[in-house]
Amino acid sequence: MRELKYSDAILEATDFSLAHDPTVLIIGLGVPDPKGIFGTTSGLQDKYGDQRVMDMPLAENGMTGIIIGASLNGFRPVLTHQRVEFAMLSIEQIVNQAAKWFYMNAGQQNVPIVIRLIIGRGWGQGAQHSQSLESWFSHIPGLKVVMPSNAYDAKGLLISSIEDNNPVIFLEHRWLHNTIDNVPSEGYRIPIGEARVAREGKDLTIVAHSYMVLEAIRCADVLKTKGISIEVIDLRSIRPLDTETILNSVKKTGRLIVADNGWIHFGVSAEIISLVTETIFDKLLCAPERIGMNDSPSPSTRALAENFYPKAKNIAKIVCKVMRNNLDLIVLFPEDNLPSDIPDPSFKGPF
Amino acid sequence: MIKSPTNELYFSMLRIRMVEERIAELYSEQEMRCPVHLSIGQEAIAVGVCEYLDEQDIVMSAHRAHAHYLAKGGNLKSLLAELYGKSTGCAMGKGGSMHLVDLASGFFAAVPIVGSTIPIAVGVAWAFKMKKSSNIVVVFLGDGATEQGVFFESLDFASLKNVPILFVCENNFYSVYSQLHVRQAPGRKISTLAESHGIKTYTGDGNNITQVSEIADEAINYIKRNNTPAFIELETFRWLEHCGPNGDDELGYRKKGELDEWIKRDPLSNYEDLLIEKNQLSKKDILEFKEIILNEIDDAFKFAKESPFPELNVLNQHIYKN
């Protein structure tokens, strides 16, 4: 099958949606600019015109209200912000208006919008360009929250999100944009609310989402060579949460680690551990564990950021604790030669 | 009966006044258990503006929305049942007074976060433009809303894209208890904010229905002719407390005599006097109107009170649309 970068998969899903539904609009600061939002919107304005693919004023709250209004009157807008933090300016419209509209009018009008948000990381992004705030959005009934970890899922989930009849928060991790996967050229859909078993295993379950799925898979693949069989669940959607897939896995393995893409307190990992302990406490062989961002704002310098983000080795350390195993992790997870503030050598900054 | 357009304006204002007076009267029964923001004293703006709209034109509003809803043709029974929290309410009791909706009459929505309907209304109007529809949107907003960031963001976008929307600012000089001059620079008119965005602007006396109608007619024609936004600022005054059925002048947050001066400028009784003077309305007509309206109000309240509450399973309906 054809290989494609995550950012190109986003572009293809957007192109597909524009071609198949004349009511789809693509809006965002920088959508038609030479960089095309990390390449995810490149060329679309030339192909579909500036009435459907457009730049916007720096007015995140107002523009969110405007796309809500357009969605009430026949359109399916996709609004993109290059960082999650820019959407903080529009929390009022997202949380008070979009999320509750359908409920407040008792099902007479729905809000089919997608808000694409990019989680920054590395190259000194700092405290206001690197937050992973999926737990905020997921707290709100009426919103859907989607976080694909690979190019294949990104394409199928974005098409599903645009076709969904509800407000969908679509969170892309910047470090996933350059990852490559097998992606069919035709359009296809991945249902929102279905997790994926990324690695099958029998000893222990790691639940992860977004970029942390990559670290969890790396951990599982390395430890497999030492006889530890790890099942990795990629959530793909945070809300609605695929509780069945999580519970089935932990029933089988009896052990759970959650590798959270955000902070752990009051977050996704808290929710999943609650779910498991409330539902299948008797199936657990030991207490669940979790790992996530350090409980501080994100620092700019790579010297400190090194200890802010958990990696495969940090997950493996918890695996060893849970499995009562004394593996030499320094040998198993040698430091690679890459600087810690970039995902791969092709990443040259500046954001 | 209603004989002429002028009588119709009078009838519509009278009806809104009488509906809200009845709400105020019955509120103490503690059966309408949601916040109500009454428009008594401000009816002329709702009636004068909605008079010139087509049925397919859209109106949106904020917390003080009863007058706008009724003026646009919103169903009275559904409004009252909503206040009583009944399943027959316009939002099945899920919205209350602050979330009115009547899609059949073109009343899209009202929300009580001040200013927040403005960008949504701009989006609805922008969609009309993209669909090459000749319809427009009217968004009613107060003086307080013009202090919100989204107000400016909405003016910018409406102007940028030539969105066919009419912003109607009902300036009643108070945001709850806070006077305009502690919130906005004295001497700077609200209308200049729209003007500075390149938007055609009108100002007038919001308690004079004749003037409101003339301005609205001109502004709506301007929007439909040029497919571009317009802004109206109209001065008016709220007679009752910000939220609730009672007067609150005794609290002393308004200047002494200010309310009395505005009551003298009552849009309803002044228009009534004018029509009688011009022989366009008789005392007999007024009695006839009042009887028609009283009957409708009695019926509607009876309907609302007798309607059932929503079934318990409605709690979990309408969270997501399939």
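Residue numbers here run from 1 along each chain, matching the order of that chain's written sequence. Chain A is the first chain written and ligand 1 is the first ligand written, with later ones labelled in order. For a predicted model such as this one, the threshold for reporting local features is a pLDDT of at least 70, and the threshold for listing and counting side-chain atom pairs is 80 or more; totals across whole chains, interfaces and linings nevertheless cover every residue.

**Student:** Can you help me understand the overall build of chain A in this one?
**Tutor:** Labels follow the DSSP assignment, with helices taken as runs of H or I lasting at least four residues and strands as runs of E lasting at least two, numbered in each case from the N terminus. Check the secondary structure of chain A and you find 14 helices and 14 strands. As a reference, a globule follows 2.2 Å times the number of residues to the power 0.38, and the radius of gyration itself is taken over C-alpha atoms. Scaling as 2.2 N^0.38, a compact globule of 351 residues should have a C-alpha radius of gyration of about 20 Å, and chain A matches this with 20 Å. When burial is assessed residue by residue, chain A has 54% of its 351 residues classed as buried. Residue pairs qualify as contacts under a 7 Å threshold applied to their C-beta atoms, which are placed from the backbone. Sequence-distant contacts, at least 24 apart, represent 79% of the contacts inside chain A between residues at least 6 apart. Neighbour density around each residue's C-beta defines its exposure: 20 or more other C-beta atoms within 10 Å make it buried, 12 or fewer make it exposed, and counts between make it partly exposed, where C-beta atoms are placed from the backbone.

**Student:** Explain the pairing of strand β4 (residues 165–171) of chain B to me, please; I cannot follow it from the model alone.
**Tutor:** Each regular strand carries side chains that alternate between the two faces of the sheet. Residue and element names in this part refer to chain B. Counted residue by residue, β4 has seven buried out of seven residues, so it is predominantly covered. Residues Ile-165, Phe-167, Cys-169 and Asn-171 line one face of β4 and the alternating positions Leu-166, Val-168 and Glu-170 line the opposite face, and both faces are buried. Here, any two strands with at least 2 DSSP bridges between them count as paired. Two elements, strand β3 (residues 137–142) and β4, share six bridges in a ladder whose sense is parallel. What sits directly across from Phe-140, in β4, is Val-168. Across six bridges, β4 lies against strand β8 (residues 230–235) in parallel orientation. Following the sheet pairing, Asn-171 is matched in β8 by Glu-235.

**Student:** Even after reading the chapter, I still don't get the pairing of β3 of chain B, so can you show me in this structure?
**Tutor:** All names here are of chain B. With six of six residues buried, β3 lies mostly within the body of the structure. The side-chain alternation of β3 yields two buried faces, one formed by Val-137, Val-139 and Leu-141 and the other by Val-138, Phe-140 and Gly-142. Summarising the sheet, strand β1 (residues 58–61) and β3 pair through three bridges and their orientation is parallel. Within β3, the position partnered with Val-59 by the bridge is Val-138. We call a crossover right-handed when, viewed with the strands running away from us, the connection from the first strand over the helix to the second turns clockwise. Assessed by its sense of winding, the connection that carries the chain from β3 through helix α6 (residues 149–160) to β4 is right-handed.

**Student:** Any chance you could explain the domain arrangement of chain A here in plain terms?
**Tutor:** How big an interface is tends to be expressed through the accessible area that disappears when the partners come together. Residue and element names in this part refer to chain A. What marks off one domain from the next here is an automatic or database domain assignment. Segmenting chain A into domains produces domain 1 (3–182) and domain 2 (196–332). When each unit is reduced to the centre of its C-alpha atoms, the spacing between domain 1 and domain 2 is 27 Å. When residues of the side of domain 1 that touches domain 2 are traced back to their parent elements, those giving at least two are α7 (134–138), β6 (144–146), α8 (151–163) and β7 (168–173).

**Student:** I tried to follow the sheet that holds strand β2 (residues 107–110) of chain B on my own but got confused; where do I start?
**Tutor:** Sheets are built from strands paired through backbone hydrogen bonds, the pairs being either parallel or antiparallel. Residue and element names in this part refer to chain B. Spatially, the six strands line up as an open sheet ordered β2-β1-β3-β4-β8-β7, and their pairing is parallel. Strands at the two margins of the open sheet, each flanked by one partner only, are β2 and β7 (200–205). Strand-to-strand twist of the sheet, defined as the mean angle between neighbouring strand axes without regard to direction, takes the value 15°. The convention used is that axes are lines fitted to C-alpha atoms, helices contributing only their stretch in contact, and that angles between N-to-C directions extend from 0 to 180 degrees. Docked against the sheet, helix α2 (residues 43–50) engages β1, β3, β4 and β8, running at close to 165° with respect to β4. Each of β1, β2, β3 and β4 touches helix α5 (residues 117–130); the most contacted strand, β3, lies at about 170° to it.

**Student:** I would appreciate a short explanation of the sheet that holds strand β13 (residues 256–263) of chain A in the present structure.
**Tutor:** All names here are of chain A. Within the open sheet, the five strands sit side by side as β9-β11-β10-β13-β14. Their pairing is mixed. The sheet terminates laterally at β9 (196–199) and β14 (289–293), the two strands that pair on one side only. The sheet shows a mean angle of 25° between the axes of neighbouring strands, taken without regard to direction. Pairing of β9 with strand β11 (residues 230–234), which is carried by three bridges, proceeds in the antiparallel orientation. For Arg-196, the partnering residue across the bridge sits in β11 and is Asp-234.

**Student:** Explain the packing of helix α1 (residues 5–27) of chain B against helix α10 (residues 267–277) of chain B here, please?
**Tutor:** Helices that pack against each other are described as a pair by the angle of their axes relative to one another and the distance between those axes. Residue and element names in this part refer to chain B. The interhelical angle for the contact between α1 and α10, taken along N-to-C directions, is 150°, at an axis separation of 10 Å. Considering the angle they form, α1 stands roughly antiparallel to α10. Here α1 runs over α10; the crossing is left-handed. For the pair formed by α1 and α10, the contact residues are Thr-6, Tyr-10, Met-13, Leu-14 and Arg-17 on the first element and Pro-267, Leu-268, Tyr-271, Glu-272 and Leu-275 on the second. Residue composition of the contact of α1 with α10, grouped by class: seven nonpolar, one polar and two charged. Here roughly perpendicular refers to angles of 65 to 115 degrees, roughly parallel to angles under 35, roughly antiparallel to angles over 145, and oblique to all remaining angles. Handedness of each helix crossing follows the sense of rotation of the near helix against the far helix: counterclockwise by less than a right angle gives left-handed, clockwise gives right-handed. By the convention adopted, Pro, Cys, Tyr, Trp, Phe, Met, Ile, Leu, Val and Ala count as nonpolar, Lys, Arg, Asp and Glu as charged, and the other residues, Gly among them, as polar.

**Student:** I would appreciate a short explanation of the interface of chain B and chain A in the present structure.
**Tutor:** Counting residues at the interface gives 36 residues for chain B and 31 residues for chain A. Contributions of two or more residues to the side of chain B that touches chain A are made by β2, α5 and α6 of chain B. Examining the composition of the side of chain B that touches chain A, we find that 10 residues originate from one element, α5 of chain B, more than from any other. Residue classes in the side of chain B that touches chain A are distributed as 22 nonpolar, nine polar and five charged.

**Student:** What's the story with α1 of chain B in this structure? I'm lost.
**Tutor:** Owing to its 3.6 residues per turn, the α-helix brings residues three or four apart onto one side. To estimate the expected span of a helix, subtract one from its residue number and multiply by 1.5 Å. For α1 of chain B, built from 23 residues, the straight-helix expectation of 33 Å at 1.5 Å per residue is met to within 8% by its first-to-last C-alpha distance of 33 Å. Among all positions in α1 of chain B, only Leu-9, Tyr-10, Phe-11, Ser-12, Met-13, Leu-14, Arg-15, Ile-16, Arg-17, Val-19, Glu-20 and Ile-23 of chain B are buried.

**Student:** Would you take a moment to explain the environment of Leu-256 of chain A for this structure?
**Tutor:** Residues and elements named next belong to chain A. For Leu-256, the position within the fold is in strand β13. Distance from Leu-256 to Leu-285, taken between C-alpha atoms, is 9.2 Å for residues 29 residues apart in sequence. The contact partners of Leu-256, leaving out residues within four places of it in the chain, are Thr-205, Val-207, Val-250, Val-276 and Pro-288.

**Student:** Which parts of the structure should I look at to understand the environment of Val-137 of chain B?
**Tutor:** All names here are of chain B. If you trace the backbone, Val-137 turns up in strand β3. The buried category is assigned to Val-137, around which 31 C-beta atoms lie within 10 Å. For Val-137, the residues in contact, after removing those within four places along its chain, are Ile-58, Met-60, Ala-121, Val-124, Ala-125, Phe-128 and Ile-165.

**Student:** What am I meant to see in unusual backbone geometry here?
**Tutor:** Negative phi is the rule for most residues except glycine; trans is the rule for most peptide bonds. Going from Arg-239 of chain A to Pro-240 of chain A, the amide bond is cis rather than trans, its omega being 0°. By secondary structure assignment, the location of Pro-240 of chain A is in the loop between β12 (237–239) and α10 (243–253). Looking along the chain, the bond that leaves Gly-349 of chain A and enters Pro-350 of chain A is cis, with omega of -5°. Take Pro-350 of chain A: it is sitting in the segment after α14 (329–332). At Trp-123 of chain A, a position not held by glycine, the phi torsion is positive, near 50°. Although it is not a glycine, His-318 of chain B adopts a positive phi angle of roughly 70°.

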